[in-house]
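The chain contents come next:
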Amino acid sequence: MAEPILSVQGLTRRFGAFTAVSELSFEIEPGEIFGFLGPNGAGKSSTIRMLCGVLAPSAGQARALGRDLFTEADQVRARMGYMSQKSSLLTDLTVAENLRFFGGLYGLEGSRLSGEVEFRLREMQVWEERDLMVSALSTGERQRVALASATLHRPEILFLDEPTSGVDPLRRRMFWEAMDELVATGMSILVTTHNLAEADQCDRLAFILAGKLMAYGRPGALKEALGRQVVELRSDQFRELQSEARRLSGILAAELQGRAVRISLPAEVDPAPVLARLRNAGFAFEALPSELPSLEDLFVDLVQRSRAAA
Ligand SMILES: Nc1ncnc2c1ncn2[C@@H]1O[C@H](COP(=O)(O)OP(=O)(O)OP(=O)(O)O)[C@@H](O)[C@H]1O
Ligand SMILES: [Mg+2]
């Protein structure tokens, strides 16, 4: 396997007595889209901010592109791009003015700067909007302009902190297509999202909870590792059905999703006798074929287990 493009060991950040990021260790391989998941306040942004040099770590090491990220920052930072959770675009400048401004900060000038600005705006499909004020853009356009701005200097690693929050499904897809194109040119991307359908498209994932790494790997492997199957039961009596399922032995979990109950069983168990017991208890429902747990099942499971442990 190639040397990781980014490797993080024991990364920790304390704010007073509170530990926001606790001994995180993970690696990003060249050319992968690495998803960073976790509930609000889990420590995702703090981690990214440390890796991008805007927040000092309390402890830990990180290497990127063959350099020490904390002691040789000057040699690596210019090869990294960062799109922060709160857009850093200047709303009272036009799209093109913003890109020229940020390009200038990266040391681009003259025809190289103009060329990169046009290339990135066309790539992100916001070239037509170049003379509009950023304040006049939709959320989706604004996020694509921010991505154009974060990639002007052709970084090798890109950090995107919730780039698609508030973006509609169609433009979300456009954004992910743009990310795929960047990765095809050799870039590696670390992206945070609360959207688990997006997370499913990542090459690998890290789940963070209260600053700690709880699960790490390919989406398929993480689902398999749970050792469970999920059967979705559709019923008008979904609340009562959930209570009953939680009482039955052999059912590991029963969670509501909309008006359906998703019951988790050990992967090796035949669901038929379990469903028969629920029917015998007087419940009418439609059972979908058993499937691997979803990332949402995994997410709910991790959060609940950590609550139970607390
Ligand atoms: N400058 C700071 N001072 C004190 N506490 C902070 C500071 N920055 C972040 N925190 C705390 O650290 C924790 C992690 O915050 P962080 O923003 O990294 O979470 P997150 O995973 O990005 O959450 P979200 O999904 O809401 O963006 C939170 O409890 C937050 O309140
Ligand atoms: Mg955040």
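Keep in mind the model is a prediction, meaning the values are calculated, not measured. (Residues numbered from 1 in each chain as written. Chains lettered and ligands numbered in written order. Predicted model: local features only at pLDDT ≥ 70, side-chain atom pairs only at ≥ 80, totals over all residues. Heavy atoms only, no water.)

Colleague: Just checking my understanding: could you explain the site of ligand 1 for this structure?
Modeller: Around ligand 1 sit 14 residues, and of these Gly41, Gly43, Lys44, Ser45 and Ser46 come closest. Between ligand 1 and His194 there is a distance of 3.0 Å, counted from an oxygen atom to a side-chain nitrogen or oxygen. When ligand 1 sits alone it has 650 Å² of accessible area, and the protein chains cover 64% of it. Ranked by the residues each element gives to the shell around ligand 1, the list is headed by helix α1 (residues 44-51), at three residues. In the shell around ligand 1, the residues fall into five nonpolar, seven polar and two charged. (Near = heavy atom within 4 Å. Polar contact = N/O pair within 3.5 Å; in protein donor to acceptor, adjacent residues only side chain to side chain. Areas by Shrake-Rupley, 256 points an atom, 1.4 Å probe, with all protein chains shown as cover. Helix = DSSP H or I, 4+ residues; strand = E, 2+ residues; numbered from the N terminus. Nonpolar A, V, L, I, M, F, W, Y, C, P; charged D, E, K, R; others polar.)

Colleague: What should I look at first to understand the coordination of the magnesium ion (ligand 2) in this one?
Modeller: Octahedral metals with six donors have ideal donor angles of 90 or 180 degrees. Tetrahedral metals with four donors have an ideal donor angle of 109.5 degrees. Looking at the metal site, the magnesium ion (ligand 2) is ligated by Ser45 (OG) and Gln85 (OE1), spaced 2.0 to 2.2 Å from it. One end of the pair, Ser45, is in helix α1; the other, Gln85, is in the loop between β6 (80-83) and α3 (95-105), and 40 residues separate them in sequence. (Donors = N, O, S within 2.8 Å, 3.2 Å for Na, K, Ca; no water.)

Colleague: Honestly, the pattern of salt bridges in this entry has me stumped. Any pointers?
Modeller: Pairing of side chains with opposite charge becomes possible as their charged atoms draw close. The tally for this structure, following the rule as stated, stands at 17 salt bridges. The partner of Arg120 in a salt bridge is Glu123, and the shortest N-O contact between them spans 2.6 Å. Highlighted residues: Arg120 and Glu123, both in helix α4 (residues 110-123), separated by three residues, approximately one helical turn. Note on Glu123: relative accessible area 16%, which makes it buried. Between Arg228 and Asp301 there is a salt bridge, with the nearest N and O atoms lying 3.3 Å from each other. Linking Arg228 in strand β11 (residues 228-234) with Asp301 in helix α11 (residues 295-309), this pair joins segments that are 73 residues apart in sequence. You'll find Arg228 and Asp301 in the same group, each marked buried. In the salt-bridge network here, residues are joined through shared partners; they are Glu232, Arg234, Arg262, Glu291 and Asp297. (Salt bridge = Lys/Arg side-chain N within 4 Å of Asp/Glu carboxyl O. Buried < 20%, exposed > 50% of the residue type's maximum accessible area, 1.4 Å probe, protein only.)

Colleague: Just checking my understanding: could you explain the packing of aromatic side chains for this structure?
Modeller: Within a pair of aromatic rings, the relevant descriptors are the distance that separates the centres and the angle that separates the planes. On inspection of all chains with the given rule, the structure shows six aromatic pairs. Each ring, one from Phe26 and one from Phe34, has its centre 5.4 Å from the other, and the planes form 15°; the classification is stacked. Through successive ring pairs, a cluster of aromatic residues spans Phe26, Phe34, Phe36 and Tyr216. Directly above the ring of Trp127 sits Arg130, whose terminal nitrogen or CZ lies 4.0 Å from the centroid. (Phe/Tyr/Trp six-rings, centres within 6.5 Å; stacked < 30°, edge-to-face > 60°. Lys NZ or Arg CZ within 6 Å of the ring centre and 35° of its normal.)

Colleague: Could you clarify how one ought to interpret the domain arrangement of the protein in this entry?
Modeller: It is common to give the size of an interface as the accessible area that goes away when the parts come together. Its domain assignment divides the protein into domain 1 (6-219) and domain 2 (227-292). The C-alpha centroid of domain 2 is placed 40 Å from the C-alpha centroid of domain 1. (Domains from an automatic or database assignment.)

Colleague: Would you mind going over the sheet that holds strand β8 (residues 188-192) with me for this structure?
Modeller: Within a sheet, each strand pairs with its neighbour through backbone hydrogen bonds, oriented either parallel or antiparallel. With respect to topology, six strands assemble into an open sheet ordered β6-β7-β8-β3-β9-β10, the strand pairing being mixed. What marks the edges here is a single partner per strand, and that holds for β6 and β10 (212-217). Taken pair by pair, the neighbouring strands of this sheet meet at an average axis angle of 15°, ignoring direction. Strand direction decides the pairing type here: strand β9 (residues 204-209) and β10, joined by five bridges, are antiparallel. Across the sheet, Ile208 pairs through a bridge with Leu213, a residue of β10. Here helix α5 (residues 139-151) sits on the sheet and contacts β6 and β7 (157-161); the angle it forms with β6, its principal contact strand, is near 160°. On the sheet, α11 packs against β9 and β10 and is oriented at approximately 30° with respect to β9. (Pairing = 2+ DSSP bridges. Axes fitted to C-alpha atoms, helices over the stretch in contact; angles between N-to-C directions. Contact = heavy atoms within 4.5 Å.)

Colleague: Any chance you could explain the nonpolar core here in plain terms?
Modeller: Taken as a class, soluble globular proteins show a tendency for nonpolar side chains to be buried jointly. Counting 46 residues, the largest nonpolar core has Leu147 and Leu160 as its most contacted members. Ranked by residues supplied to this core, first place goes to helix α6 (residues 169-184) with six residues. Sequence-distant contacts of Leu160, defined by excluding residues within four places in its chain, comprise Ile48, Met83, Leu147, Phe175, Met179, Ile189, Leu190, Val191 and Thr192. Ile5, Leu24, Phe34 and Ala206 belong to the second-largest nonpolar core, a separate cluster that totals 28 residues. (Core = buried A, V, L, I, M, F, W, Y, C linked by side-chain atoms within 4.5 Å.)

Colleague: How should the pairing of strand β4 (residues 59-64) be read in this particular structure?
Modeller: Remember that side chains alternate between the two faces of the sheet whenever the strand is regular. Two strands pair when backbone bridges link them, and strand β1 (residues 6-15) and β4 are joined in this way by five bridges, in the antiparallel orientation. Within β4, the position partnered with Leu6 by the bridge is Ala64. When β4 meets strand β5 (residues 67-68), the two strands line up antiparallel, connected through two bridges. Counted as the bridge partner of Ala64 is Arg67 from β5. Linking β4 to β5, which pair antiparallel, is a turn of two residues; within it Leu65 sits at a positive phi near 50°.

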